[in-house]
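# Structural description and commentary
Below are the chains, spelled out letter by letter.
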Amino acid sequence: MKFGILVNEGPYNHQAADTAYQFAKAAIDKGHEIHRVFFYHDGVNNASKLTEPPADDRNIVNRWSKMAEEHGVDLVVCVAAALRRGIVNENLASGFRISGLGQLVESGIQADRLVTFGD
Amino acid sequence: MLHIVNKSPSERNALDSCLRMAKKGSTILLIEDAVYAVTKGSTAESKMKAAMAKDIHVYALWPDLEARGMQDTVIDGIKQVDYPGFVDLVADNKNVQSWL
Amino acid sequence: MDEESSGTVKKFAFINRKAPYGTIYALESLEVVLISAAFDQDVSLVFMDDGVYQLKKGQGTKAVGMKNFSPTYRALEGYDIEKLYVEKESLESRGLTEEDLIVDVEVLTAEEMATLMDEQDVVMSF
C-alpha cells in the first residue's frame, strides 16, 4: 500500500515528527511504500541542516535524510511555509526538496492513505 | 474509519470531539499524550468504557504508554499496538482522521 | 499535476478545529484549500470546535498587526469551493448563530457531520 504522510510540527518541540518517523519506518519495514512525506506549518523545521541536538539525543533531521537515501522516500517541504520560517535551499538538509502545496494535494490523490501528524 | 487522537483528555477537547463523531464500528487509536485517556482513574476512563460498549474499537500505542510509565495501569479491554500495528490499523481502515 | 493524478476525483475534507490568529493553523489551512481547487477534487471544508471562530464576522486585525484573512472565506466560491459545513453544537456552545458568520454555510448536527467525515477519502486536519 502507498502511504502519504503530513508532518505539521517541528522537531523536538512536539512528538509529531517522532511519531511520523516511527510510522514511516514501520510501514517501510512491512513492505509498504511511503509515497511522500510532506512538511507543513512548523514541520518545515524538520529540514534544517543547521539543527544540532546534543550527542545523547536522536538526530531527527538526519534520520529523515537517511530514510530518503536508503528508501528513496520523497521528503517535500512546503515553499510558502518554509520561506516564512527561514528554511531555504542554503540550509536544507540532504534528501529534502522545497516545493509547492500542490505536492500535498497530489499525495492525497495518489496515495492510498494520507496520515497527518501534528499538534 | 480510523480516528487518531494525540491529546491528553485533561488538557484539550480533541478526544471529546472525536467521541462525538465516532460511529459505531469505527476505530480509535490513542497515541502520544492521548494514551493517558485509557489509564485507570483518568478523567476519560468512563468515556472510553462507554465508547467500547457502543462497539467502538479502542487501541492505544504501547510505546507511548511505556514512555510515560503508564503501561501497568491500562483499562481492561483496551487493545495495545506498536508502530507496525499502527500501520496495519491505517491500512485496514478505508479512511483516517487525525484529531489535531 | 502528472498523468497519474489527472482524472482521479477523491473526496477531500479539510477539518478546521482551531481559532484564528492565536496560532497559524487556520491561515495555512486556507492556503492548502485554495491550492486544492486547482486539482478538481471534491472538496469539503468542515468547521467545528474553535474552528467556527474562523468564520466570525467583524474581524479587525489592525491593532494586533496581523493580516485579516477572513475575507478569503468569501472568495472561496470563486474557486468553486462551495461546500462549507459547520457543526451545530460547536456554534451553539460558543453563543454563535449562522448570522454571525461571514459566509453561507450548511449547519450539520454531530451525527450528520460524522456521516460526512465517514464518506471522505482524504481527511486533512490542521
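Our structure's up above, just so we're on the same page.
The structure displayed is predicted, hence computed values, not measured ones.

Residues and elements named next belong to chain A. Where burial is concerned, most of strand E1 (residues 2–7) is hidden: six out of the six residues are buried. Burial along E1 is two-sided: Lys2, Gly4 and Leu6 and Phe3, Ile5 and Val7, pointing in opposite directions, are all buried. As paired elements, E1 and strand E2 (residues 33–39) share six bridges and run parallel to each other. Bridge pairing links Lys2 to Glu33 in E2. A crossover links E1 with its parallel partner E2, the connecting element being helix H1 (residues 16–29), and its sense is right-handed. Here E1 pairs with strand E5 (residues 113–117) via five bridges, running parallel.

Moving on, we come to the interface of chain C and chain A. Facing 24 residues of chain C, the contacting portion of chain A comprises 22 residues. Put simply, chain C and chain A have three salt bridges between them. Residue A:Arg84 is joined to C:Glu28 by a salt bridge in which the shortest nitrogen-to-oxygen separation is 2.7 Å. The tally of links from chain C across to chain A stands at 10 residue pairs in polar contact (both at pLDDT 80 or more). Of all the elements in the fold, those that place two or more residues in the side of chain C that touches chain A are helix H1 (25–36) and strand E5 (122–125) of chain C. With eight residues, the single largest contributor to the side of chain C that touches chain A is H1(C). Looking at the side of chain C that touches chain A residue by residue, the class counts come to 12 nonpolar, six polar and six charged.

What follows deals with the environment of A:Ala17. Residues and elements named next belong to chain A. Locating Ala17 in the fold gives a position in helix H1. Separated by 82 residues in sequence, Ala17 and Ser99 have C-alpha atoms that sit 19 Å apart. Excluding its chain neighbours within four sequence positions, the residues that come into contact with Ala17 are Val7, Glu9, Gly10, Pro11, Asn46, Ile60, Arg63 and Trp64.

For the coordinates displayed, the defined rule picks out 13 aromatic pairs over all chains. Both rings, one in C:Phe47 and one in C:Tyr73, keep their centres 5.9 Å apart while their planes meet at 75 degrees; by these two values the pair is edge-to-face. On the criterion of sequence distance, the pair formed by C:Phe47 in strand E2 (residues 42–47) and C:Tyr73 in helix H2 (residues 71–75) is long-range, its members being 26 residues apart. On the accessibility criterion, C:Tyr73 (2% relative accessible area) is buried. Here the aromatic rings of C:Phe69 and C:Tyr73 are separated by 6.3 Å at their centres, their planes lie at 50 degrees, and the arrangement is tilted. Exposure remark for C:Phe69: the relative accessible area of 4% places this residue in the buried category. By the ring-pair criterion, three or more aromatic residues cluster together here, those being A:Phe3, A:Phe23, A:Phe117 and B:Phe86. Sitting above the plane of the A:Tyr21 ring, A:Arg63 keeps its charged end 4.3 Å from the centroid.

On the side of chain B, 20 residues touch chain A, which itself brings 20 residues to the contact. Of the roughly 1,600 Å² buried at the junction of chain A and chain B (both faces included), carbon and sulfur atoms supply 62%. Looking only at chain A, the three residues that lose the most surface to chain B are A:Gln15, A:Arg113 and A:Asp119, adding up to 31% of its buried area. Salt-bridge contacts for B:Asp88 lead to A:Lys30; the nearest nitrogen and oxygen are separated by 3.1 Å. Of all the elements in the fold, those that place two or more residues in the side of chain A that touches chain B are H1 and E5 of chain A. The biggest single contributor to the side of chain A that touches chain B is H1(A), with six residues. Looking at the side of chain A that touches chain B residue by residue, the classes come out as nine nonpolar, eight polar and three charged.

Now for the pairing of E2(A). Remember that side chains alternate between the two faces of the sheet whenever the strand is regular. All names here are of chain A. Within E2, six of the seven residues are buried, which leaves the element mostly enclosed by the surrounding structure. In terms of strand pairing, E2 meets strand E3 (residues 75–78) through three bridges, oriented parallel. Looking across to E3, one finds that Val37 is bridged to Leu75. Read from E2 through helix H2 (residues 60–71) to E3, the crossover connection turns out right-handed.

One can describe the packing of H1(A) onto helix H4 (residues 83–92) of chain B by two numbers: an axis separation of 8 Å at closest approach and a directional angle of 80 degrees. Looking at the two axes, H1(A) sits roughly perpendicular to H4(B). For the pair H1(A) and H4(B), contact is made by A:Thr19, A:Gln22, A:Phe23, A:Ala26 and A:Ala27 and by B:Tyr83, B:Pro84, B:Phe86, B:Val87 and B:Val90, respectively. For the contact of H1(A) with H4(B), the per-class residue count stands at eight nonpolar, two polar and no charged.

One can describe the packing of helix H4 (residues 102–110) of chain A onto H1(C) by two numbers: an axis separation of 9 Å at closest approach and a directional angle of 65 degrees. Overall, the two elements H4(A) and H1(C) adopt an arrangement that is roughly perpendicular. For the crossing formed where H4(A) meets H1(C), the hand is right-handed. Contact residues: A:Gly102, A:Leu104 and A:Val105 in H4(A); C:Val32, C:Ile35 and C:Ser36 in H1(C). Residue classes in the contact of H4(A) with H1(C) are distributed as four nonpolar, two polar and no charged.

The rules behind each value
- All residue numbers refer to position in the chain's written sequence, counted from 1.
- The lettering of chains begins at A and the numbering of ligands begins at 1, in the order of writing.
- Local features are withheld for residues below a pLDDT of 70 in this predicted model, meaning they are given only at 70 or higher, and side-chain atom pairs are given and counted only at 80 or more; totals for whole chains, interfaces and linings count all residues.
- As a rule here, side-chain values come from all non-hydrogen atoms in the structure, and water together with hydrogens is ignored.
- Here the term buried applies to any residue with accessible area under 20% of the maximum for its type, exposed to any over 50%, and partly exposed to those in between, with areas from a 1.4 Å probe on protein chains only.
- Numbered from the N terminus, helices here are DSSP runs of H or I no shorter than four residues, and strands are runs of E no shorter than two.
- Here the rule is simple: two strands pair whenever DSSP picks up at least two bridges between them.
- Clockwise travel from the first strand over the helix to the second, with the strands pointing away from the viewer, marks a crossover as right-handed.
- The contact definition used throughout considers only heavy atoms, calling two residues in contact when any of these lie within 4.5 Å.
- Salt bridge criterion: a side-chain nitrogen from Lys or Arg within 4 Å of a carboxyl oxygen from Asp or Glu.
- Any pair of nitrogen or oxygen atoms within 3.5 Å is treated as a polar contact; in protein, a donor-acceptor pairing is required on top of that, and neighbouring residues in sequence qualify only through side-chain atoms on both sides.
- Only Asp, Glu, Lys and Arg are considered charged in this grouping, and only Ala, Val, Leu, Ile, Met, Phe, Trp, Tyr, Cys and Pro are considered nonpolar; every other residue, Gly among them, is considered polar.
- Pairing of aromatic side chains requires ring centres within 6.5 Å, counting the rings of Phe and Tyr and the six-membered ring of Trp. Pairs whose planes differ by under 30 degrees are stacked, by over 60 edge-to-face, and all others tilted.
- Only when the NZ of Lys or the CZ of Arg is both within 6 Å of the ring centre and within 35 degrees of the ring normal is a charge said to sit over the ring.
- Throughout, buried area stands for the accessible area (probe radius 1.4 Å) lost by two parts on being put together, summed over both.
- To obtain an axis, a line is fitted to C-alpha atoms, over the contacting stretch when the element is a helix, and the angle between two such axes runs from 0 to 180 degrees between their N-to-C directions.
- Each angle receives one of four descriptions, namely roughly parallel if under 35 degrees, roughly antiparallel if over 145, roughly perpendicular if within 65 to 115, and oblique otherwise.
- Left-handed describes a crossing in which the near helix is turned anticlockwise from the far one by less than a right angle; the clockwise case is right-handed.

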